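# Structural overview
Chain residues, written in single-letter form:
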Amino acid sequence: MKMDKSMIRAQQLVFRYTQEGRRALNGVSAEIKKGEFVAVLGANGCGKSTLAKHFNAILLPEEGEVFVEEYNTKDEEHLYDIRQRVGMVFQNPDNQIVATVVEEDVAFALENLGVPPDEMRERVDEAMEMAGIYKHRTKAPHKLSGGQKQRVAIAGVIAMRPDCLVMDESTAMLDPIGREKVMRTVERLNREFGITVVMITHYMEEAVRADRVIVMSGGHIEMEGTPKEVFRDSAKIRALKLDVPQAKELCDLLREAGVAVDEEIISAEECIQALAALLGKPAQPGCDVI
Amino acid sequence: MLKDITIGQHFPGDSVIHRMDPRAKLLLTIAYIVALFLGSNPIGLALSVLFLLVAYRVSGIPVRLVGKSLRPILPIILFTAMLNLFFVPGDPIFSWWIITITWQGLYNVMVLSVRIVCLIAGTSLLTYTTSPIVLTDALERLLRPFAKLHLPVHELAMMMTIALRFIPLLIEETDKIMSAQKARGAELDSGKLTDRIRALIPVLIPLFISAFRRADELAMAMECRCYHGGEGRTRLHQLHLGANDYLLTAICAVLFVVIGGSDLLWGMLG
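Residues numbered from 1 in each chain as written. Chains lettered and ligands numbered in written order. Predicted model: local features only at pLDDT ≥ 70, side-chain atom pairs only at ≥ 80, totals over all residues. Heavy atoms only, no water.

## What to know about the overall build of chain A
Scanning chain A for helices and strands turns up eleven helices and ten strands. Against the 2.2 N^0.38 benchmark of 19 Å for 290 residues, chain A shows a C-alpha radius of gyration of 20 Å, consistent with a compact globule. The dimensions of chain A, computed from C-alpha atoms along their principal axes, are 65 × 50 × 35 Å. Taking the intrachain contacts of chain A between residues at least 6 apart in sequence as the baseline, contacts between residues at least 24 apart amount to 64%. Taken as a whole, chain A presents about 12700 Å² of accessible surface, with 49% of it coming from carbon and sulfur. When the 37 positive and 48 negative side-chain charges of chain A are each reduced to one mean point, those points stand 3 Å apart. (Helix = DSSP H or I, 4+ residues; strand = E, 2+ residues; numbered from the N terminus. Rg over C-alpha atoms; globule rule 2.2 N^0.38 Å. Contact = heavy atoms within 4.5 Å. Areas by Shrake-Rupley, 256 points an atom, 1.4 Å probe, with all protein chains shown as cover. Lys, Arg positive; Asp, Glu negative; His and termini not counted. Charge placed at Lys NZ, Arg CZ, Asp CG, Glu CD.)

See below:
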C-alpha cells in the first residue's frame, strides 16, 4: 500500500467557472500516490478548491483528464465508484450534515449506496470509532462543537470506506483545539488505516505535517515537494502571498540575529529541540504545541 | 429571545406508547380522529375522554401540557361556541332582549368543545411521544406505495428531515444577524408596527442569502456522499412491528369502533 500505486492522476487540467471567465485551473498536472498525505497550499482564488472538486467528479475539466485509480471522472457510469473511493469533507461542518442525529448522518452515504442494515450498523460504528465521535452518536449535530461536527462529517465520509479523503479547507472554521483534534484524526486515518489524504489548507503548520506539499498560484502548480523542500526559501513562499510556518520564521529571525540554527527547521517540535540544544537544556517532556 | 422556540413538541420518555411503532401510532391517530367525528354524542365523547386520560397516564405525559397546545386555538373554540350558543334554534332556557339560549345550543356547545379538546389532545399525544425524525420516517414508509404513482414521497421526507436539521441553525443565524443589525443602530424592538416590520427586511435578506448558500453547499456534500434520490436506498434504523404494537393497535381499534358506533347506541337511548 505504500506510495507507489497512483490514487489520483490529473493531467493538464483546464477549468473555467463561466464560459468567458478566467481560467481557475490553467494546465494543472498532479499525481497523488496511494497512502500519501498531501497538503495543497495557495492564496485565496489560486484554484486549490477547484482542483479538489475535480478529484471526485464534482467538477469536470474543460480540457485534460482526471483518473481516480482506473476510472476517468468523465465516465458517468462509474460516478458512484469514484465518489465512494474519494470522499470529500468541506469547510463548513454545518452545511454538510444532513440528518438530525449523529449516527444517522454517518449512515447517510451507506443508505444511499444501499448497504444492508446489519452491515451498515457495523460500518457506522466503525467509522464513528475511527473519527473519535462514538460517544456522541445519539446527539443532535447542532449540540456539538465545531471540531466535533467536522469529525462527524469525516465519519460520514469514512463510512463509505474510501481510499482517499479530500479535505477542502476543513479546518478553516475551527478553533485551535478543534483544528488539532481534526488534524490528529486525519493523521491517524492516514497512518493506521492507510487512507490517502489530500488536505487543502491555509495553515502552514498543517502543511508541515504532510508527506508532500503542493503550492498553487494563479491556477497552476508553483512548487511541489516535501515540506522541507517547499519551505526552504522563505522569500519565495512570501512572494506567493503565503505565510512561512511560525517555527521557520522564528529560526529565520534568529539566524538574522546571528544565532546558528539549522535552516531545515520547519516544525514546532524540531524548533523546540534545536532551541533546547542551544540553551543546553533538555526539551521539556510533554511540551506539546497545543 | 429566539432561543425559546422549540421544534415540534417531543417529550422524550420510555413508556409503551413512546416505544410503539410510529406507523401504528400515526394510523391510530387518524382512526381516532375519524371515530371522534362519527361518535359525536355524550357516550362517544365520554369514552374518548376516558381513553385519552388512560393514554396520557400510561405515556407519563402531564395532562397540563394539553392546555399549552390548546391555547392557540382557544379563540376558535370560543367563537364557535358563541355562535352555537346564541344562534341555534330550539327550546329556550333563557331569553333576554335579542339573546336566546336554547337547550339544543347548549348541547351543541358541549359536544363541539369536548370534541375539539379531544382532537387536540389526541393528536398532541402523537407528537409528544414521537420525535419529528421518527415521524418523518413513518410517513415515508406509510406513503411508500404512492411512490409507484410517481408521488415524490422520498423527496418530501428528505425535505422534512433537512428542514428539521436546519431550523436550529437558521434560528441561531437570525439571532446573530439581528445582533449585527442592532450593533449598526437598527431599531428592531421599538417604533410603530409598520416601522418594526420594515426593520425586519435587513434581517431577512441576509438570512435568505445565507440559506441559499447553505443549500448549495449541502447539495454538494450530499452528492459527494453518493446521494441519488430514493431509489435503491436502505435505512440504518428498520421499523419493526412487535407483539406489543399489534396488541395495542387491536385494543385501540376495538375502542375506536365502539366510539364511532356509539351514535347508534345514543340514538336508541334518545
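## Structural notes on the nonpolar core
All names here are of chain A. V106, I154 and M167 are the most contacted members of the largest nonpolar core, which totals 53 residues. It is helix α5 (residues 146–158) that provides the largest number of residues to this core, a total of six residues. Contacts of V106, omitting those with residues within four sequence positions, involve V124, A127, M128, I133, V152, A155, G156 and A159. By size, the runner-up hydrophobic cluster in this structure holds 35 residues, among which are V28, C46, L51 and I200. (Core = buried A, V, L, I, M, F, W, Y, C linked by side-chain atoms within 4.5 Å. Buried < 20%, exposed > 50% of the residue type's maximum accessible area, 1.4 Å probe, protein only.)

## With respect to the pattern of salt bridges
A complete count under the given rule lists 35 salt bridges over all chains for this structure. Taking the shortest distance from any N to any O, the salt bridge between R16 of chain A and E62 of chain A comes out at 2.8 Å. With a gap of 46 residues between them, R16 of chain A in strand β1 (residues 6–16) and E62 of chain A in the loop between α1 (48–54) and β4 (63–68) connect regions that are remote in the sequence. Ionic pairing is found between E180 of chain A and R184 of chain A, a salt bridge with its closest N-O pair at 2.8 Å. Of this pair, E180 of chain A and R184 of chain A both sit in helix α6 (residues 176–193), four residues apart, which is roughly one turn of that helix. Each member of the salt-bridge network shares a partner with another, and the members are E111 of chain A together with D137, E140, R141, R233 and R235 of chain B. (Salt bridge = Lys/Arg side-chain N within 4 Å of Asp/Glu carboxyl O.)

## Quick look at the domain arrangement of chain B
When cut into domains, chain B gives domain 1 (14–130 + 240–269) and domain 2 (153–224). Placing the centre of domain 1 of chain B and that of domain 2 of chain B at their C-alpha centroids yields a distance of 37 Å. (Domains from an automatic or database assignment.)

## Some remarks on the sheet that holds strand β8 (residues 196–200) of chain A
All names here are of chain A. Reading across the sheet, the six strands line up as β6-β7-β8-β3-β9-β10 and stay open at both edges, with mixed pairing between neighbours. Of all the strands in the sheet, the pair left with one neighbour each is β6 (86–89) and β10 (220–225). Between one strand axis and the next, the sheet turns by 20° as a mean value, whatever way the strands run. Across four bridges, the pairing between strand β3 (residues 37–42) and β8 is parallel. Within the sheet, the bridge partner assigned to V40 lies in β8 and is I200. (Pairing = 2+ DSSP bridges. Axes fitted to C-alpha atoms, helices over the stretch in contact; angles between N-to-C directions.)

## Things to note about the interface of chain B and chain A
Listed by partner, the interface residues are 28 residues for chain B and 39 residues for chain A. In this assembly, chain B packs against chain A so that about 3100 Å² is buried in total across both faces, 59% of it on carbon and sulfur atoms. Together, R165, R225 and L236 of chain B form the three largest contributors to the area buried by chain B at its contact with chain A, with a combined 29%. At the boundary of chain B and chain A, one finds four salt bridges. Between R235 of chain B and E111 of chain A there is a salt bridge whose closest N-O contact spans 3.2 Å. At the junction of chain B with chain A, the criterion picks out 17 residue pairs in polar contact (both at pLDDT 80 or more). For the side of chain B that touches chain A, the class distribution of residues is 15 nonpolar, six polar and seven charged. (Buried area = accessible area lost by both parts, 1.4 Å probe. Polar contact = N/O pair within 3.5 Å; in protein donor to acceptor, adjacent residues only side chain to side chain. Nonpolar A, V, L, I, M, F, W, Y, C, P; charged D, E, K, R; others polar.)

## Considerations on the pairing of strand β9 (residues 212–217) of chain A
All names here are of chain A. Judged by how many residues are buried, β9 sits mostly within the fold: five of six residues are covered. Bridge analysis of β9 against β10 gives five bridges, and the strand direction is antiparallel. Its bridge partner being in β10, V215 is matched across the sheet by M223. Adjacent in sequence and paired antiparallel, β9 and β10 are bridged by two residues, among which G218 carries a positive phi angle near 55°.

## Things to note about the sheet that holds β1 of chain A
All names here are of chain A. An order of β2-β1-β4-β5 is seen for the four strands of this open sheet, with the pairing classed as antiparallel. Looking at strand neighbours, the two that pair on one side only are β2 (23–33) and β5 (71–72), the edges of this open sheet. Across five bridges, the pairing between β1 and β4 is antiparallel. Note on β4: the bridge partner recorded for R9 is F67.

## A look at the environment of L200 of chain B
Residues and elements named next belong to chain B. In this fold, L200 is placed in helix α9 (residues 193–224). Looking at L200, the relative accessible area reads 35%, which means it is partly exposed. For the pair L200 and E187, spaced 13 residues apart in the sequence, the C-alpha separation amounts to 9.3 Å.

## Notes on the domain arrangement of chain A
Residue and element names in this part refer to chain A. Each assigned domain of chain A is listed here: domain 1 (36–52 + 78–231) and domain 2 (245–281). Distance from the C-alpha centre of domain 1 to the C-alpha centre of domain 2: 32 Å. Contacts between domain 1 and domain 2 engage six residues on the former and seven residues on the latter. For the pairing of domain 1 and domain 2, the buried interface totals around 620 Å² over both sides, and the portion due to carbon and sulfur atoms is 63%. Among the residues domain 1 hides against domain 2, the three largest losses belong to V208, K228 and F231. Together they make up 75% of the total. For the pair domain 1 and domain 2, the interface holds one salt bridge. With a shortest N-O distance of 2.5 Å, K228 and E270 are connected by a salt bridge. For the pair domain 1 and domain 2, the number of links is four residue pairs in polar contact (both at pLDDT 80 or more).

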